[in-house]
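Single-letter residue listing:
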Amino acid sequence: MLTNLFDGFAYGMLLFVLACGLAVTLGLMNLVNLAHGAFAMAGGYVCMILVNRHGVPFFAGLPIAFIVCAALGVVAERLLYTHIYRRSHLDQVLFCIGLIFMVDAVVDYFQGPQQQFINIPDFLKDRFEFLGVSVGAYRLLIIGVCGLIAVSLQLVLTRTRFGSRLRAAVDDRRVARGMGINVDLVFMLTFAVGSGLAGLGGALGAEILGLDPTFPLKYMIYFLIVVTVGGTASITGPFLASLLLGVADVAGKYYIPDFGAFVIYTVMILVLIWRPQGLFGRVATR
Amino acid sequence: MTTQRIATLRLQAVGLHDRLSAWHWSEYLFWVLVAASYFLFPSRHLLMNEIAILALFSLSLDLILGYAGVISLGHAAFFGLGAYTAGIITKFGVTDPLIGLGCATLAATALGLATSFLALRGSDLTRLMVTLGVALVLYEIANRLGWLTGGADGLQGMDVGPILGFDFDIFGAVANAYSLIVLFVLFLIARRVVHSPFGWSLRAIRDNPLRAAAIGVPVRGRLVAVYTLGAAYAGVAGALLAQTTQFASLDVLAFHRSADVLLMVTIGGVGYLYGGLIGALVFKIMQDTLSNLTPQYWEFWIGLVLVVLVLGGRDWLERLAALVARRTRPGAGR
């Protein structure tokens, strides 16, 4: 019971790190970036190639995955996404689906369609008992890293000047611009950090979520649920939504394996009937 | 005085409506070409059959996307349900294709109605998630109910009887005629619907739901109605596919179906009914050519087409038509 809760917790934390970038881009630029998962996959592959083929230590691979994906995010934002901010949601969706298809095929071409595994250090594969709960070392690491990220994101958002600029831009882009905030710069940085975090999440989560060219499609629905249920007004909304989703998914797969995959959809539908605008705060509707 | 004024207004409205819904000569030409293609390419019946089915599928999406502005990422749910219903029913001894078609339509309509209340809640993002979720749930169900659907192996051994006395042949001549006729009939109905006051109210909702509500359009009811109609059309398309290929597999519910149909409608242009039909034709030919060139990586090129289409503007067909019209009109050169 507690073990499941723990695993679900780790899973949820991971989902949060993967999806928080999406929540912010959606709130900030009203951009439905369905291709967000592609950055996560990129992070996973970068880490896998470095660790497995070039002998880079796993703990060095993670930050490199973050940096590479953040750089990729900046490039993609400046070259591609900047053209579709002001387009309709339909355009954005089509664009992102196209992007996903291309990324899928490219990864398939260079790395093959099979599942990839990152060689994690042996001590992370251990499980130990703690107060009667069977704790996996790797999951503990995930909770540690993701928890740290969540706390620092919250601090940056609420305590720094950049955070207040970001929040102002999310609340009202035009007024924020009128107040002299360089919204484009704020957005580029946010996009970069969001993509980087997705990459880190992808690298960290390859062990649990798997890593293959279909990754962006497979987890698209999870990201969407996190963002719609959590809303985009804050970091806490998506965070709680991720935890809920993670725990529900793991518990569902464990206790009712026959209906495992349906549990999250049931949760999603119930939440939507109860609160169409998401559990926590508003969802961008502009 | 007022009654007279109202009468004139009504007359004007009727005149405007008649003018807007009148058949253009190019529409006649389009359908003549479709009919001609049936006799001109007898060796391509199987391909054309598939194109006709995809055309019907994109027509169904155009109804809800082009006219009502609802983005769906899971339109394959209805297509797949139609296909499986038409397939499964033959297992219970109902081999008549038209009855199968009717049952599939009913099933898809019911699902469309049931999910419309969810799918039409909230913002675009919520819609994306719900439509995608519904399709995924259906995929899972079809996968799990192996005893009924054949699971991952697909529904084997469908036994479809003759259609109005014609047996389905291996060259697909009967199948193609069947699909084309169903497509044409449903197209006529769709054309009637979108040119009715109901159809105009949909466009009002698409352009501005708030204003539409303000002038007294029951926004929610209309959206539910058109979503259900679109679902029914998609169900028919799925049933046609299952009946004419005598096979249904999980592929009919897969995400790429939903994405493909979005692409088709986009290629042809949304909101004028023919977009889906033209898009299906272009898409299928493109897919055929590409998958012959690179069987494994054709997805890349499809993706590239989508990205270029969005960046370059989705109205390329419209602009091309305008260009042709300007060139062909005498004395149009400035």
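A word on the packing of helix α3 (residues 45–67) of chain B against helix α13 (residues 274–293) of chain B
Residues and elements named next belong to chain B.
Then, in step 1: In the contact formed by α3 and α13, the axes pass within 8 Å of each other and the chain directions differ by 135°. On the basis of the axis angle, α3 is oblique to α13. Note that α3 runs across α13; the crossing there is right-handed. Contact residues: α3 offers Leu 47, Glu 50, Ile 51, Leu 54, Ala 55, Ser 58 and Leu 59, while α13 offers Gly 276, Leu 277, Ala 280, Leu 281, Phe 283, Lys 284 and Asp 288.
Then, in step 2: Within the contact of α3 with α13, the residues separate by chemical class into 9 nonpolar, 2 polar and 3 charged.

A short note on the interface of chain A and chain B
Then, in step 1: On the chain B side, the residues contacting the 47 residues of chain A number 37 residues.
Then, in step 2: Regarding the contact of chain A and chain B, the summed buried area is about 3700 Å², with carbon and sulfur atoms giving 80% of it.
Then, in step 3: At the boundary of chain A with chain B, the tally comes to 2 residue pairs in polar contact (both at pLDDT 80 or more).
Then, in step 4: Contributions of two or more residues to the side of chain A that touches chain B are made by α4 (89–111), α10 (220–230) and α12 (260–274) of chain A.
Then, in step 5: Each residue belonging to the side of chain A that touches chain B can be placed in one class, and the counts come to 35 nonpolar, 7 polar and 5 charged.

Some points on the side chain of Ser 60 of chain B
All names here are of chain B.
Then, in step 1: Inspection of the secondary structure assignment puts Ser 60 in helix α3.
Then, in step 2: A relative accessible area of 0% places Ser 60 in the buried class.
Then, in step 3: Of the polar contacts made by the side chain of Ser 60, one reaches the backbone oxygen of Phe 57; its length is 2.5 Å.
Then, in step 4: Sequence-distant contacts of Ser 60, that is, excluding residues within four places in its chain, are made with His 75, Gly 230, Tyr 233 and Ala 234.

A short note on the pattern of salt bridges
Then, in step 1: Overall, the coordinates contain 11 salt bridges over all chains when judged by the stated rule.
Then, in step 2: Between Arg 139 of chain A and Asp 7 of chain A there is a salt bridge, with its nearest N and O atoms 3.5 Å apart. Residue Arg 139 of chain A is found in helix α5 (residues 137–159), and its partner Asp 7 of chain A is found in helix α1 (residues 2–29); the two are separated by 132 residues along the sequence.
Then, in step 3: Taking the relative accessible area as the measure of exposure, Arg 139 of chain A reaches 22% and is therefore partly exposed.
Then, in step 4: In this structure, Glu 140 of chain B and Arg 144 of chain B form a salt bridge, with 3.3 Å as the shortest nitrogen-oxygen distance. With Glu 140 of chain B and Arg 144 of chain B both in helix α6 (residues 124–144) and 4 residues apart, the pair spans about one turn of that helix.
Then, in step 5: Judged by its relative accessible area of 39%, Arg 144 of chain B falls in the partly exposed class.

With respect to the packing of helix α12 (residues 255–268) of chain B against α13 of chain B
Residue and element names in this part refer to chain B.
Then, in step 1: One way to put it is that α12 packs onto α13 with a least axis distance of 7 Å and a crossing angle of 115°. Relative to α13, α12 is oriented roughly perpendicular. Considering how the two elements wind past one another, α12 and α13 form a crossing that is right-handed. Contact with α12, carried on its side by Asp 260, Leu 263, Met 264, Val 265, Ile 267 and Gly 268, involves Gly 275, Gly 276, Gly 279, Ala 280, Val 282, Phe 283, Met 286 and Gln 287 of α13 and no other residues of that element.
Then, in step 2: By residue class, the composition of the contact of α12 with α13 is 8 nonpolar, 5 polar and 1 charged.

Reading the values: rules and limits
Residue numbers here run from 1 along each chain, matching the order of that chain's written sequence. The lettering of chains begins at A and the numbering of ligands begins at 1, in the order of writing. Selection of residues for local features in this predicted model requires a pLDDT of at least 70, selection of side-chain atom pairs for listing and counting requires 80 or more, and totals for whole chains, interfaces and linings are taken over all residues. For side-chain calculations, the full set of non-hydrogen atoms in the structure is used, while hydrogens and water are omitted. Every axis in this analysis is a line fitted to C-alpha atoms, fitted for helices over the stretch in contact. Angles between the N-to-C directions lie between 0 and 180 degrees. Elements are defined by DSSP. Helices are runs of H or I of four residues or more, strands are runs of E of two residues or more, and each kind is numbered from the N terminus. Orientation labels follow simple angle bins: below 35 degrees gives roughly parallel, above 145 gives roughly antiparallel, 65 to 115 gives roughly perpendicular, and whatever is left gives oblique. For any pair of crossing helices, the crossing counts as left-handed if the nearer helix is rotated counterclockwise from the farther one by less than a right angle, and right-handed if it is rotated clockwise. In this description, contact between two residues means that some pair of their heavy atoms is separated by no more than 4.5 Å. We call Asp, Glu, Lys and Arg charged. Ala, Val, Leu, Ile, Met, Phe, Trp, Tyr, Cys and Pro are nonpolar, and the rest, Gly among them, are polar. Defined in terms of a 1.4 Å probe, buried area is the accessible area two parts forfeit on being brought together, summed over both. By the criterion applied in these results, polar contacts are pairs of N or O atoms within 3.5 Å in which, for protein atoms, one can donate a hydrogen and the other can accept it, and in which residues neighboring in sequence qualify only through two side-chain atoms. Only protein chains enter the area calculation, which uses a 1.4 Å probe; residues under 20% of their type maximum are buried, those over 50% are exposed, and those in between are partly exposed. What counts as a salt bridge is simple: a side-chain nitrogen of Lys or Arg found within 4 Å of a carboxyl oxygen of Asp or Glu.

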